[in-house]
Amino acid sequence: MTMLLLSPQPTTAFSAAASSLSRLLLPLPRHNFVVPPVSSLAIAAVSTATGDPIYAVDSRPSAINSRPDLALRLLALMRRQGLLPDQQNYTLVLQSLLHSPDPPDPSLLSLLSSDLRSVRLEPDARLLSDLIVAFSRAADPDAALSVLAQTQAQGITPKFSAAVELISALGNSGRVDEAEAIFAELRHWGLQPRTRAYNALLKGYVKTGALKDAEQVLDEMEHCSVAPDERTYSLLIDAYTNAGRWESARILIKEMEMNDVRPNSYVFSRILASFRDKGEWQRSFAVLREMRNNGIHPDRHFYNVMIDAFGKYNCLHHAMDAFDQMRADGIVPDVVTWNTLIDAHSKAGRHDQAMKLFEEMEMSGLAPCTTTFNIVINSLGEQERWEEMKELFQRMREKGLLPNVGKFDDAAPLYTGGRRSFISVMQTTHF
DNA sequence: TTAGGGTTAG
């Protein structure tokens, strides 16, 4: 039998997880101690017998992947039936969180792990490793470290992938010393770090701007005969560019070629963004040239950065040229492309053009997102077109999008004499 | 499989 139980509304979005969770965390019923742990499959029979209004669906892991709401509902349902979840149930929930495109919610994870403690279930290697990965991805390395400590206290070696995720998370929060310590620990577990583990460590050094340490990682990789891949080089190129060492970056690009590692559009968009942030938008052309010399076609992200780089420095003509070139290359502009263009024109005071682009965007069939609305509403505010602003707020509301009220409140005094008008728009728009 | 990176407002 492969059935998963759902309450009605099986398509409810992730927000449903929150309400499931409150039920999930209700104290266990008193009779619980006589109920043995059961697997999720067994729940189907029990719940069906109780006549709960449930739907039975395919519960192969593929059906639950990326559906933490479903997994949490399952746990909640079990709790309602007074059943003790087992390892598999928690693994199912964690797997669904890990397969979801969004990083796991840290508060959800800590509730889940305290729930795990409350049922006095001793987690196995799989569950512990999944917890380390989940906390690492939720940018909570402290929690991940404490699970690692628990793992080692139980005499269990965590999965290598979990350790690498933790190194990555530590590096991301600038805690390179601890990342280094875990990296050293890998060898004690009798496993040789390979490219991916090195890259995780490298990321930390790049993040903190520790260029010397980053270079040393590359040296050590060579010493241990571990081949750098495209990401290894990209990380270092990114670091060099940020440090203004464009020549070093170019040397690395050449080195990539010699080692048959192909650079891609990603690393060039990072270089471009770095120049943009330094105010060196003119170098965009050189970056494009360098790219073409390497036989790499700019992709949508690259064009978006390029349009932004021109837009930020008032070069609307170049921005529009890049936009045209992008479409000539057969790349369909996305919502970010349009937002960037609209904002660039609005910031330059060319509101008519901004509005025209907004119309064009909608005509192309793309739906405006929260950022689009914010950009256009700001532009309307600059023009003191309060009625149209109100219409846009209404449209946002209809789409279930929430404006960033605090931001507009701050911005309101900027609209000459417009604060009162702005507030009246906000007050007469009911979200 | 020892991850998996980039862009837009404020």
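A brief look at the structure comes next. As the structure is a prediction and not an experimental result, all values here were calculated from the model.

1. A few points about the protein's contact with DNA strand B
1) Next: Taken together, 39 residues surround DNA strand B, and among them S161, Q192, N199, R231 and Y266 come closest.
2) Next: Of all DNA strand B atoms lying within 4 Å of any protein atom, the proportion belonging to sugar or phosphate reaches 37%.
3) Next: Between DNA strand B and the protein, one listed contact pairs a base nitrogen with a side-chain N or O atom of R231 at 2.7 Å.
4) Next: Within the backbone of S265, one N or O atom sits 3.2 Å away from a base nitrogen of DNA strand B.
5) Next: Listing elements by their share of the surface near DNA strand B, those giving two or more residues are helix 9 (160–172), helix 11 (195–207), helix 13 (230–242), helix 15 (265–277), helix 17 (300–312), helix 19 (335–347) and helix 21 (370–382).

2. Describing the pattern of salt bridges
1) Next: Scanning the entire structure with this criterion turns up 16 salt bridges.
2) Next: Among the ionic pairs, R283 bridges to E280, the shortest N-O distance being 2.9 Å.
3) Next: In this structure R283 comes out as partly exposed when scored by relative accessible area, which is 31%.
4) Next: The salt bridge partner of D343 is K347, with a shortest N-O separation of 2.8 Å. Remark: K347 and D343 occur in helix 19; sequence separation between them is four residues, near one turn of the helix.

3. Quick notes on the packing of aromatic side chains
1) Next: All chains considered together, the criterion is met by six aromatic pairs.
2) Next: For the pair W246 and F275, a centre-to-centre distance of 5.4 Å together with 80° between the ring planes defines the contact as edge-to-face. In this pair, W246 sits in helix 14 (residues 246–258) while F275 sits in helix 15, placing the two residues 29 residues apart along the sequence. With respect to burial, W246 and F275 carry one shared label: buried.
3) Next: Taken together, a centroid distance of 6.5 Å and an interplanar angle of 75° make the contact between F302 and Y303 edge-to-face. Residues F302 and Y303 agree in their burial class; the two are buried.
4) Next: By the ring-pair criterion, three or more aromatic residues cluster together here, those being W281, F285 and F310.

What counts and what doesn't
Residues numbered from 1 in each chain as written. Chains lettered and ligands numbered in written order. Predicted model: local features only at pLDDT ≥ 70, side-chain atom pairs only at ≥ 80, totals over all residues. Heavy atoms only, no water. Near = heavy atom within 4 Å. Polar contact = N/O pair within 3.5 Å; in protein donor to acceptor, adjacent residues only side chain to side chain. Helix = DSSP H or I, 4+ residues; strand = E, 2+ residues; numbered from the N terminus. Salt bridge = Lys/Arg side-chain N within 4 Å of Asp/Glu carboxyl O. Buried < 20%, exposed > 50% of the residue type's maximum accessible area, 1.4 Å probe, protein only. Phe/Tyr/Trp six-rings, centres within 6.5 Å; stacked < 30°, edge-to-face > 60°.

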